[in-house]
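Remarks on the overall topology
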Amino acid sequence: MCGILGYIGDQRKTVDVLMKGLSRLEYRGYDSSGIAVIEDGKSRVFKSKGKLSKLKTKINKHSPKGTLGIGHTRWATHGDASQKNAHPHISGGTSVVHNGIVENYLDLKNELKKKGYKFYSDTDTEVIAHLIEDLSEDGLDFEDAARAAFKKIEGSFAIAVISDKEPDKVIATRRFSPLIVAKGDNENYLASDVPAILPFCKDVIYLEDGDVAILEKDSIRITDIDGNKVKRKVQSINWDPISAEKCGYRHYMMKEIFEQPRAILDTMRGRFSEETGEVFFEDVDPSLFKNVKRIVALACGTSYHASLIGKYMIEKFAKISVEVDIASEFRYRKPIIDKNTLAIAVSQSGETADTSEALLEAKERGAKTLSITNVMMSKIARDSDGVIYTHAGPEIGVASTKAFTTQLVAFYFLAIYLGRLKKQITKKESIQMIKDALSIPQLIEITLKLDNQIKDLAKEFFTYRNFLYLGRGINHPIAFEGALKLKEISYIHAEGYAAGEMKHGPIALIDENMPIVLIAPGDGIAYKKILGNLQEVRARKGKVIFLTSDPHAPEIQGNVDKIIEVPDCPYMVSPIISIVPLQLLAYHIATCKGTDVDQPRNLAKVVTVE
Ligand code: F6R
């Protein structure tokens, strides 16, 4: 978590670059923020507790001038969310911003205290500033002092540092936390993530673990920790800068919900042939699937829910057994993995610590590895033998929406691919499946037209304190995901259950104060069974919101309080449609309650702590 940023150059106002970049990193944490800019050879530091807007107000009063600076947006780990713990941390003329954890900070802190250094914060980061300052006092130049300090630090981190003694460079390093550097014309940048630099330039270098980057106005040098030069590829980013803007929407989440038809098209683009029914993945070698007897999917949160649906798809089309594990549990239960197991790590950010560690655990136990992720060159992507990028574009809203539906589409195509590879589906069948997938963007467009109706529905329901979501078959994980969306942005307690489980416990909760969202698209066996659940709920006076593709079915007339009508569609793609109105419902309930939709309390978009 936390976002870091750095700029050096004379093409723009440093403070503007830092503030704009930080606003695009705020999704990584918003407990506090800060910047340091070197003005006339002296660092000027501004920090504020809370959202970036607070920092903006402070800076507007005394905007610093200067041609280099660093910035930070924080998700608190060591030390509470306060002004004193906000970054940058300074020691003498050294200012540091940091994302990650310094594991040996206590030992370092004690050593530095003995030397007379005073600590002003409760963070682990402050040791880095003192350490660099101390090494410079010993006679090392800024670059050597920074490298020597980085060598002493244990843990996972991305760090950027500037020094008043050499006000013509920004130095940065990373180990297990993401960091990119980006090249402009007479200006250079560094950032935790691509959206921060998108408005300014497109040529980026993804630093690798142990790299140290030295940014000067007209050059970027990269060395290893000992100062030996290393070469890294410059990659051109094809994301549109607009993709990380709100574009007239009140919240990123709403924009991202409405972007889903486009995002899904991008996930599918260039990956299939309608004539042959074949599916292609550019970064996956078919040999990866040789001798694969079972699959283990590893993920957290929304990505875990996508994986539960992926299980249905792969088991149905490819007849390969799939287990889905909560990544944070996987490592601690001695999982049975062998060389015939394929581990699939599913992660929007590609950085989630639990998922990343679970992937490495599976690898160590001999599994082949594949990842489904949205972020190019992310840690999880780089650690996998193959990768399927979802190409959803930057997702800024903390509540995941388009990342989820594009993960489902990626799973759907993977299921077709494996089905053909393992000869479990015919060419004719896969052609039909691809046709079904191609109808998804249009079906979502139709579903999005429910927006106003769902807004009205939210007005009626936002005062309830609890919700129950029930689904069956391939839509049962949609109950989990619908409930997660509601609780994380509206703070209303919500539970998702497989509908058949209701009578095994949750039925005790049902009374006239409990709205129940029944997810029942299509008319198959899952639908028929849910009608039974509907009767059970009605008999206990529960309030029913019924999601269906057949609103005129006689069984539901007079038995439900509200109907959400979704378009009829093939069963295997139905979850990709059913989740859309539930995203809208959570969004509108949250806005009725006045909560912070894009930056809900206590959450961060990227969870890099276990
Ligand atoms: C919920 C949400 C989280 C993430 C989870 C995993 O809306 O976004 O539950 O799904 O933190 O994140 P990734 O997919 O980046 O590994």
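Residues numbered from 1 in each chain as written. Predicted model: local features only at pLDDT ≥ 70, side-chain atom pairs only at ≥ 80, totals over all residues. Heavy atoms only, no water.

1. Some details on the pairing of strand β18 (residues 368–373)
Of all six residues in β18, five are buried; the element is thus mostly enclosed. As paired strands, strand β17 (residues 341–347) and β18 are joined by six bridges and run parallel to one another. Bridge pairing in β18 places Ala-345 opposite Ser-371. Bridging between β18 and strand β19 (residues 386–389) involves four bridges; their strand directions are parallel. Bridge pairing in β19 places Leu-370 opposite Gly-386. (Buried < 20%, exposed > 50% of the residue type's maximum accessible area, 1.4 Å probe, protein only. Helix = DSSP H or I, 4+ residues; strand = E, 2+ residues; numbered from the N terminus. Pairing = 2+ DSSP bridges.)

2. Describing helix α8 (residues 301–318)
Here α8 spans 25 Å end to end across 18 residues, near enough to the 26 Å set by a 1.5 Å rise per residue. Among the 18 residues of α8, 13 are classified as buried, and the element is accordingly described as predominantly covered. Taken from the residues just after α8, Lys-319 is the one with a positive phi, measuring 55°. (Expected span 1.5 Å × (residues − 1).)

3. Side note on the site of the ligand
What surrounds the ligand is a group of 14 residues, the closest being Ser-303, Ser-347, Ser-349, Thr-352 and Glu-488. Interatomic distance of 3.0 Å between a backbone N/O atom of Thr-302 and an oxygen atom of the ligand. Contact between the ligand and Val-398: an oxygen atom at 3.4 Å from a main-chain N or O atom of the residue. Isolated, the ligand exposes 410 Å² of accessible area, and the fraction of that covered by the protein chains is 89%. At the level of secondary structure, the elements contributing two or more residues to the shell around the ligand comprise α8 and α16 (476–490). Looking at which domains feed residues into the shell around the ligand, each of domain 2 (246–438) and domain 3 (451–593) gives three or more. (Near = heavy atom within 4 Å. Polar contact = N/O pair within 3.5 Å; in protein donor to acceptor, adjacent residues only side chain to side chain. Areas by Shrake-Rupley, 256 points an atom, 1.4 Å probe, with all protein chains shown as cover. Domains from an automatic or database assignment.)

4. Notes on unusual backbone geometry
Among all residues save glycine, negative phi is the norm, and among peptide bonds the norm is trans. The amide bond that connects His-87 to the next residue, Pro-88, takes the cis arrangement and shows omega of -5°. As for its position among the elements, Pro-88 is in the loop between β4 (68–74) and β5 (89–91). Positive phi, normally seen in glycine, also occurs at Lys-319, with a value near 55°. When its relative accessible area of 55% is taken as the criterion, Lys-319 is described as exposed. In this model, Lys-334 sits at a positive phi of 45°, which is unusual for a non-glycine residue. For Lys-334, the location among the structural elements is in the loop between α9 (327–330) and β17. Accessibility expressed as a relative area gives 67% for Lys-334, which makes it exposed.

5. Observations concerning the packing of aromatic side chains
Geometry of an aromatic ring pair is reported as the spacing of the ring centres plus the angle between the planes. Taken as a whole and assessed by the stated rule, the structure comprises eleven aromatic pairs. Ring centres of Tyr-7 and Tyr-189 lie 5.0 Å apart, and the angle between their planes is 50°; on these two criteria the pair is classed as tilted. Linking Tyr-7 in strand β1 (residues 3–9) with Tyr-189 in strand β10 (residues 187–191), this pair joins segments that are 182 residues apart in sequence. Judged by its relative accessible area of 1%, Tyr-189 is buried. Where Tyr-189 meets Phe-200, the ring centres are 5.3 Å apart and the plane angle is 10°; that geometry is what we call stacked. In this pair, Tyr-189 is assigned in strand β10 and Phe-200 in the loop between β10 and β11 (203–206), connecting sequence segments eleven residues apart. The residues Tyr-189 and Phe-200 share a single accessibility class, namely buried. Taken together, the ring pairs in this structure connect Phe-272, Phe-317, Tyr-412 and Phe-413 into an aromatic cluster. (Phe/Tyr/Trp six-rings, centres within 6.5 Å; stacked < 30°, edge-to-face > 60°.)

6. Concerning a negative patch on the surface
A cluster of acidic side chains, namely Asp-523, Asp-550, Glu-555, Glu-565 and Asp-568, defines a negative patch on the protein surface. Residue position: Glu-565 is located in strand β24 (residues 562–565). For Glu-565, a relative accessible area of 42% gives the class partly exposed. (Patch = residues over 30% accessible without salt bridge, like charges linked within 9 Å, V, L, I, M, F, W, Y side chains within 5 Å. Salt bridge = Lys/Arg side-chain N within 4 Å of Asp/Glu carboxyl O. Lys, Arg positive; Asp, Glu negative; His and termini not counted. Charge placed at Lys NZ, Arg CZ, Asp CG, Glu CD.)

7. Considerations on the sheet that holds strand β9 (residues 180–183)
Taken in spatial order, the eight strands make up an open sheet running β3-β2-β4-β1-β10-β9-β11-β14, and their pairing is antiparallel. Looking at which strands have only one partner, the edges of the open sheet turn out to be β3 (42–49) and β14 (235–236). In this sheet, β4 lies alongside strand β2 (residues 32–39) in antiparallel orientation, the contact comprising six bridges. Among the inter-strand pairings, Gly-34 is bridged to a residue of β4, identified as His-72. Strands in contact with helix α1 (residues 14–23) are β1, β2, β4 and β10; relative to β1, the strand with the most contacts, it is inclined by about 155°. (Contact = heavy atoms within 4.5 Å. Axes fitted to C-alpha atoms, helices over the stretch in contact; angles between N-to-C directions.)

8. A look at the nonpolar core
Counting residues in each nonpolar core, the largest one holds 89 residues, and the members touching the most others are Ile-314, Ile-344, Tyr-412, Phe-467 and Tyr-469. A total of twelve residues in this core trace back to one element, the largest contributor, which is helix α12 (residues 402–421). When we break this core down by domain, the ones giving at least three residues each are domain 2 (246–438) and domain 3 (451–593). The residues touching Tyr-412, leaving out its near neighbours within four places in the chain, are Met-313, Phe-317, Met-433, Asp-436, Ala-437, Met-572 and Val-573. (Core = buried A, V, L, I, M, F, W, Y, C linked by side-chain atoms within 4.5 Å.)

9. Regarding the sheet that holds β19
Note: strands within a sheet are paired through backbone hydrogen bonds, in either parallel or antiparallel orientation. Strands sit in the order β16-β15-β17-β18-β19 across an open sheet of five strands; the sheet is parallel. One side of each edge strand has no neighbouring strand; the edge strands of this open sheet are β16 (321–326) and β19. Adjacent strand axes in the sheet meet at a mean angle of 20° when their direction is disregarded. Packed onto the sheet, α8 meets β15 (294–299), β16 and β17 and runs at close to 175° relative to β16.

10. What about the pattern of salt bridges?
Following the criterion strictly, the structure yields 34 salt bridges and no others. Here Glu-39 ties to Arg-44 by a salt bridge, and the two come within 3.0 Å at their closest N and O atoms. Overall, the relative accessible area of 19% leaves Glu-39 in the buried class. The class for Arg-44 is partly exposed, based on a relative accessible area of 26%. Arg-221 is the salt-bridge partner of Glu-216, the closest N and O atoms lying 3.6 Å from each other.

11. Observations regarding helix α2 (residues 52–61)
Among all positions of α2, only Leu-52, Leu-55 and Ile-59 are buried. Along α2, the residues classed as buried sweep out an arc of 55° about the axis, all on the same side. For α2, exposure combined with an orientation more than 90 degrees from the buried face picks out Asn-60 and Lys-61. On its buried side, α2 packs onto α1, β2 and β3. (Arc of directions from axis to C-beta.)

12. Brief notes about the packing of α1 against α2
α2 packs onto α1 with a crossing angle of 170° between their chain directions and a minimal axis gap of 11 Å. Judged on the interaxial angle alone, α2 and α1 are roughly antiparallel. Judged by the twist between their axes, the crossing of α1 over α2 is left-handed. Here Val-15, Met-19, Leu-22 and Ser-23 of α1 lie close against α2, whose contacting residues are Leu-52, Leu-55, Lys-56 and Ile-59. Its residues assigned to classes, the contact of α1 with α2 comprises six nonpolar, one polar and one charged. (Parallel < 35°, antiparallel > 145°, perpendicular 65-115°, else oblique. Left-handed = near helix turned anticlockwise from the far one by under 90°. Nonpolar A, V, L, I, M, F, W, Y, C, P; charged D, E, K, R; others polar.)

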